[in-house]
Amino acid sequence: MAKGKNTVVFFCQECGYESSKWMGQCPGCRQWNTFVEENVTVRTPGKSMSAGQAKSKPAPLSEISLEEEDRISTRMPELDRVLGGGLVAGSLTLVGGDPGIGKSTLLLQVCRNLAEGEKEVLYVSGEESLKQIKIRANRIGDFNGYLKLLCETSLEMIEENIRRTRVDVVVIDSIQTMYRESVSSAPGSISQVREATSVLLKLAKGLNISIFIVGHVTKEGTVAGPRVLEHMVDTVLYFEGDRHASYRILRGVKNRFGSTNEIGVFEMEASGLKEVRNPSEFMLSGKPEDASGSIVVCSMEGTRPMLIEVQALVCHSNFGIPRRQTIGTDFNRVNLLIAVLEKRLGISMGNCDAYVNIAGGIKIQEPAIDLGIAMALVSSFKNKTIDNKLIAIGEVGLSGEVRGVSMIQARLQEAAKLGFTTCVIPDVCMESVKDMTGIKVIGVKSVREAIQLL
Ligand code: TYD
Ligand code: MG
């Protein structure tokens, strides 16, 4: 135990804001009831704190060379894409997600690929025994490379192991189980998680090794969510998807070495995660034919267009207050679209329940799917089916106008590739797609015009 004084400190679970007293609302992130109490040891600064640290000195900007970073391919193109073209040496990557979503499986597969590619890889597990890891490894398939495993939760021991054995890539599964003796609070608490991350950050930068850390996201409870860590690490990836469905989406939300909002699509099979090379095809499989309320839209996920089915169900309400529900898209946005349909088109859904679902369980926030949602709602309301080969792209404004969207060409190409024959797009985008062949493009100025096409 380090010398020092024990005190109680309050931390915001969302943003890590530190305070000496409890507060209802966090001044940092403005969230309510996020403060938790923790015991911390305040170390008195001594000589030891600066000993062993290299002296830092400023360098002129003009003398800094801009070499390409060293990228290591994980041999999983979907993961490489989310990382921005491969793993960067000396980076710290956080992989977050609900328990059981497949984080350990993904990282074990990454370890296998890297070890086969002659990298020295160390997998540190604080959650599972060596036997359990072996069972998982057997499910994933053959391990030809040389992979080192370590079951350990003490940071001091992990640090010593990393420094002693020369490694290129380290996986820490999970950060919530790691603890440092000198920090008095329990493993998983915000101070422990922060301390562990800063130790790993120093190791990654100091030894130029890439470290993956796994973090569980919990909705509630005392376990520190990895959100607190987002500021500290270089890259944040979230693994999401419905645990009951087989596909998983890996989303980049922060990346110091590449673009964010790229996604990678995987499918969980009996023998580990398999990459899905053509997500549009995957997302549209199982689309009903000739059903009202169903339409295909195109959303950009990073640089990749993805075709997704939007489903709406509008039915008579049996209660005074109609029910509105959305799965996979913004609830308020759907309410707004219903209001636009009511006011601008005179379609009264006031005594109807309305449900909107993005098929496949994916979450879409892009406004470019507005037009599709509006058309699906009307289609269900009027019980009229929409042409199976038609897709709709466009943002809808409050006066019922259809506004332009970005990257229209890429979207149309994806639609044409998958055999769609007609595309309804905002009229303002017509100019940029006038040489488009292989798909009929219809420009609309308002939702009314789009609905008349049905
Ligand atoms: P896991 O990687 O342990 O999740 P996490 O580390 O995020 O908690 O994945 C657990 C789930 O994946 C579990 O329900 C079993 C399933 N699974 C498969 O379907 N196939 C496989 O090959 C493996 C290894 C796991
Ligand atoms: Mg796990």
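Residues numbered from 1 in each chain as written. Chains lettered and ligands numbered in written order. Predicted model: local features only at pLDDT ≥ 70, side-chain atom pairs only at ≥ 80, totals over all residues. Heavy atoms only, no water.

Chemist: Describe in detail empty space enclosed by the protein, supporting the description with residues and values.
Modeler: The full count for this structure, using the stated rule, is one cavity of 30 Å³ or more. Lining the largest cavity, in full, are T329, D330, R333, I364, Q365, E366, I369, D370 and I373. Its residues assigned to classes, the lining of the largest cavity comprises three nonpolar, two polar and four charged. (1 Å grid on protein atoms, 1.4 Å probe; cavity = no way out; pocket = protein on both sides within 12 Å on 5 of 7 lines; lining within 4 Å. Points joined across faces, edges and corners; volume = space filled by probe spheres on them. Nonpolar A, V, L, I, M, F, W, Y, C, P; charged D, E, K, R; others polar.)

Chemist: Talk me through the environment of H316; I want residue IDs and the actual numbers.
Modeler: When you line up the elements, H316 lands in strand β16 (residues 304-316). Assessed through its relative accessible area of 55%, H316 is described here as exposed. With 245 residues separating them in the primary sequence, H316 and R71 have C-alpha atoms 56 Å apart. Setting aside anything within four residues of it in sequence, one finds H316 in contact with N351, C352 and D353. (Helix = DSSP H or I, 4+ residues; strand = E, 2+ residues; numbered from the N terminus. Buried < 20%, exposed > 50% of the residue type's maximum accessible area, 1.4 Å probe, protein only. Contact = heavy atoms within 4.5 Å.)

Chemist: Which residues make up the side chain of R112, and what values do they have?
Modeler: Note that R112 resides in helix α2 (residues 103-116). Although R112 is buried, it makes no salt bridge; E116 carries the closest opposite charge, 4.7 Å away. If near-sequence neighbours (up to four positions away) are discounted, R112 is found in contact with I140, G141, D142 and F143. (Lys, Arg positive; Asp, Glu negative; His and termini not counted. Salt bridge = Lys/Arg side-chain N within 4 Å of Asp/Glu carboxyl O.)

Chemist: If you had to explain the site of ligand 1 to someone new, which residues and values would you point to?
Modeler: With respect to spatial proximity, 15 residues lie near ligand 1, and among them G100, S104, T105, E269 and G272 are the closest. At 3.3 Å from an oxygen atom of ligand 1 is found a main-chain nitrogen or oxygen belonging to I101. A distance of 3.1 Å separates a nitrogen atom of ligand 1 from a polar atom in the side chain of R139. When ligand 1 is considered free in solution it has 560 Å² of accessible area, and contact with the protein chains removes 75% of it. Ranked by residues supplied to the shell around ligand 1, first place goes to α2 with three residues. Residues that form the shell around ligand 1 fall into these classes: four nonpolar, six polar and five charged. (Near = heavy atom within 4 Å. Polar contact = N/O pair within 3.5 Å; in protein donor to acceptor, adjacent residues only side chain to side chain. Areas by Shrake-Rupley, 256 points an atom, 1.4 Å probe, with all protein chains shown as cover.)

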